[in-house]
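Observations on the model geometry
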2 protein chains.
Amino acid sequence: MGARASHYKYLTDLPPGKSRDIYIELQKAILSHGLLPGVKLSEDEVGELFGASRTIVRTALQALSHAQLVTIEKNRGAFIAQPSIKEAQEVFEARELIEPRVAGMAAKIITPKDIQILEEHIQAEHDAIAAGDSGEALSLSGFFHVMIADIAEHEVFSKIVRSLISRSSLIIALYWKRLDTTCESHSHHALLDAFAKNDVQAAEEIMKSHIVDLHSGLDLKSRKQTKQSLASILKK
Amino acid sequence: MGARASHYKYLTDLPPGKSRDIYIELQKAILSHGLLPGVKLSEDEVGELFGASRTIVRTALQALSHAQLVTIEKNRGAFIAQPSIKEAQEVFEARELIEPRVAGMAAKIITPKDIQILEEHIQAEHDAIAAGDSGEALSLSGFFHVMIADIAEHEVFSKIVRSLISRSSLIIALYWKRLDTTCESHSHHALLDAFAKNDVQAAEEIMKSHIVDLHSGLDLKSRKQTKQSLASILKK
DNA sequence: TGATTAAAGATTGTATACAATATGGAATAG
DNA sequence: CTATTCCATATTGTATACAATCTTTAATCA
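Conventions we followed
Residues numbered from 1 in each chain as written. Chains lettered and ligands numbered in written order. Predicted model: local features only at pLDDT ≥ 70, side-chain atom pairs only at ≥ 80, totals over all residues. Heavy atoms only, no water. Pairing = 2+ DSSP bridges. Helix = DSSP H or I, 4+ residues; strand = E, 2+ residues; numbered from the N terminus. Salt bridge = Lys/Arg side-chain N within 4 Å of Asp/Glu carboxyl O. pLDDT = per-residue confidence, 0-100. Contact = heavy atoms within 4.5 Å. Axes fitted to C-alpha atoms, helices over the stretch in contact; angles between N-to-C directions. Parallel < 35°, antiparallel > 145°, perpendicular 65-115°, else oblique. Nonpolar A, V, L, I, M, F, W, Y, C, P; charged D, E, K, R; others polar. Least-squares fit on C-alpha atoms with pLDDT ≥ 70 in both. Buried area = accessible area lost by both parts, 1.4 Å probe. Polar contact = N/O pair within 3.5 Å; in protein donor to acceptor, adjacent residues only side chain to side chain. Near = heavy atom within 4 Å.

A few points about the pairing of strand β2 (residues 70-73) of chain A
Residue and element names in this part refer to chain A. Where β2 meets strand β3 (residues 77-80), four bridges bridge the pair, whose relative direction is antiparallel. Bridge pairing in β3 links Thr-71 to Phe-79. Taking the residues that link successive antiparallel strands as the turn, the β2-β3 hairpin has three residues, and the phi of Asn-75 there is positive, at about 60°.

So, in structure tokens, the structure goes:
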């Protein structure tokens, strides 16, 4: 669906196999707002879609639940998570603390090749916006942050960032108030400049203000209504 | 096993039920070094111990694997995780960033009742040390940090801290080099003083240096050998 | 004796059947 | 017409049987 080849990788703890495939496909759909908060993921339905037994589907759903992308209610089933206002606030507070540090670490050890990959990624973001594919654009802009965490070569922070970014996607689906979705590009470019100079402090500051800016784009008073009937939007 | 009633709670995402019980019991055993890194957790064996079917056991083991306390190897089974030297380093770097912030947040809003509970908890640590139960003492000193995160009333940070503390327990099992296990008490007391004065900055600084101190107690060159045959050490 | 191979056993991976619970609709009473 | 109860249906929870894979043991050959 993206206009260019992707350099980022979807990740999960799951071992290779059908459960992992299902996890990744559902995650993709969630991050690109193909599946919106509140949507039910019936085991039979998901199994039907992917040609897998309930055993396999349950493994994937439980993993998504541990990643907080899905909420499992006893005897009722799995639903795309609907982060509360407080959780939204907290996720962005955590990002404001952690991601600047990670960006600084990346700035220290980033290579020209890394920078080139990031540039291409930003270009892909532009392309997606130009193509009117806002879901893909959102997904890509999230992955930009994950890629930085990977460059920093710190797996513990990287996993935490991945988790926070994923949850941010749900939060944006529920609470985003701005009309412009293109707000990201400027900060991402500025960050690249700091990276090119290996300027740790600048990278930290830019990342911090970027996340504060994202945070301020949320309307944390009212929650959007999300209905959407089913999970028929799972095309590759 | 503790000399006093516990104010802390073991937590998991799992819904109430046998899987949750097994998760919590295994977690307890891991955090108190009853189960050491590398030990195999056979599904049949665990199921036998708890009178549960493999289905239930697998749910618990998968949850522990997502918490990174257990490693699942395809077709080989589940083992208590053995954090690498790099992972150990990273976990403590993450703690050095996050926990001081959390301690500062707690200092802002802590109540006299909270402080009293923390005092009692420290006393329980002392009792465990006096009783020579170093496993329990270690477990309690970890929970002290989790309790602070809970006092800060920030669920996102709290979950991250819980995860880091749990993994620290495995790291300590593999890399701890000091002879004295009582090193903790002083810092914990100092932290309480800062809390009593609602001194945010002092709380941050004490927590930071406390974790740096813990970090320096690790020997991150060689990994201890851990054998231990089986999981027969699961008494309440 | 040592190494290699082969077969037997044990353990995990997956599908499915059945049980428990929740959901939605129909029938009845007010 | 509204509200309530009860039943039929659908969905999740759990146990178990079977398949796939790995491990161990024993036998064979150099």
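Still more to cover.
Re the pattern of salt bridges
When charged atoms on two side chains of opposite charge get close, those side chains can pair. Residue and element names in this part refer to chain A. Counted according to the given criterion, the structure contains 20 salt bridges over all chains. In this structure, Glu-43 engages Arg-58 in a salt bridge whose closest nitrogen and oxygen atoms are separated by 2.7 Å. Within this pair, whereas Glu-43 is found in helix α2 (residues 43-50), its partner Arg-58 is found in helix α3 (residues 54-66), the two being separated by 15 residues in sequence. In this structure, the salt-bridge partner of Arg-162 is Asp-150, at a minimum N-O distance of 3.0 Å.

Digging into the confidence of the model for chain A
Residue and element names in this part refer to chain A. Summary statistics for chain A give a mean pLDDT of 90 and a share of 89% for residues scoring 70 or more. The secondary-structure element of chain A with the lowest mean pLDDT is helix α8 (residues 184-196), recorded at 90, while helix α4 (residues 85-109) shows the highest, at 98. Of the regions scoring below 50 in pLDDT, residues 1-5 engages in eight contacts with residues more than four places distant in sequence or in other chains.

A closer look at the packing of α4 of chain A against helix α7 (residues 155-175) of chain B
One way to put it is that α4 of chain A packs onto α7 of chain B with a least axis distance of 8 Å and a crossing angle of 55°. The pairing of α4 of chain A with α7 of chain B is recorded here as oblique in orientation. Note on element contacts: α7 of chain B touches α4 of chain A through Glu-155, Val-156, Phe-157 and Ile-160 of chain B, opposite Lys-86, Glu-87, Glu-90, Val-91, Glu-93, Ala-94, Leu-97 and Ile-98 of chain A. Residue composition of the contact of α4 of chain A with α7 of chain B, by class: seven nonpolar, no polar and five charged.

Some thoughts on the sheet that holds strand β3 (residues 77-80) of chain B
Overall, antiparallel pairing links the three strands, which are arranged β1-β3-β2 (chain B) in an open sheet. Pairing within the sheet leaves two strands with one partner each, and these edge strands are β1 (40-41) and β2 (70-73) of chain B.

Quick look at the relation of the copies chain A and chain B
Here the two chain copies are tied together by a rotation about an axis and a shift along that axis. Overlaying chain A on chain B yields an RMSD of 0.0 Å, the required transformation being a rotation through 180° with an accompanying axial translation of 0.0 Å. Put plainly, the chains are arranged around a two-fold axis. Across chain A, the rotation axis passes nearest the C-alpha of His-66 of chain A, at a separation of 3.4 Å. Of all interface residues in chain A, 100% are interface residues in chain B too; the two copies therefore contact each other through one and the same surface.

What about the interface of chain A and chain B?
Contacts between chain A and chain B engage 27 residues on the former and 27 residues on the latter. Note on chain A versus chain B: buried area summed over both sides is about 2,200 Å², and carbon and sulfur give 59% of it. Considering only the surface of chain A that becomes buried against chain B, His-66, Leu-97 and Val-156 of chain A emerge as the three largest contributors, covering 28% of it. Across the contact surface, chain A and chain B share zero salt bridges. Counting across the interface, chain A meets chain B through eleven residue pairs in polar contact (both at pLDDT 80 or more). Those elements that place two or more of their residues in the side of chain A that touches chain B are α3, α4 and α7 (155-175) of chain A.

Quick look at the protein's contact with DNA strand C
What surrounds DNA strand C is a group of 14 residues, the closest being Ser-53, Thr-55 and Arg-76 of chain A together with Arg-54 and Arg-58 of chain B. If you look at DNA strand C and keep only atoms within 4 Å of the protein, 69% of those are sugar or phosphate atoms. Thr-55 of chain A is positioned with one of its side-chain polar atoms (N or O) 2.7 Å from a base nitrogen of DNA strand C. Within the side chain of Arg-58 of chain B, a nitrogen or oxygen atom sits 2.5 Å from a phosphate oxygen of DNA strand C. Grouping the constituent residues of the surface near DNA strand C by class yields one nonpolar, six polar and seven charged.

Structural notes on the protein's contact with DNA strand D
Arg-54 and Arg-58 of chain A together with Ser-53, Thr-55 and Arg-76 of chain B are the nearest of the 14 residues found near DNA strand D. For DNA strand D, the fraction of atoms within 4 Å of the protein that belong to sugar or phosphate moieties is 68%. Asn-75 of chain B places a side-chain nitrogen or oxygen 3.2 Å from a sugar or linking oxygen of DNA strand D. Secondary-structure elements contributing two or more residues to the surface near DNA strand D are α3 of chain A together with α3 (54-66) of chain B. A per-class count over the surface near DNA strand D returns one nonpolar, six polar and seven charged.

Some remarks on the side chain of Glu-90 of chain B
Positionally, Glu-90 of chain B belongs in helix α4 (residues 85-109). Here the side chain of Glu-90 of chain B touches Glu-155 of chain A through a polar contact of 2.9 Å, landing on its backbone nitrogen. At 2.5 Å, the side chain of Glu-90 of chain B and the side chain of Lys-86 of chain B are in polar contact. Discounting chain neighbours no more than four positions away, the residues touching Glu-90 of chain B are Glu-153, His-154, Glu-155 and Val-156 of chain A.

A short note on the sheet that holds β3 of chain A
All names here are of chain A. Spatially, the three strands line up as an open sheet ordered β1-β3-β2, and their pairing is antiparallel. Unpaired on one side and paired on the other, β1 (40-41) and β2 mark the two borders of the sheet. Along the sheet face, α3 touches β1, β2 and β3 and points at about 115° away from the line of β2.

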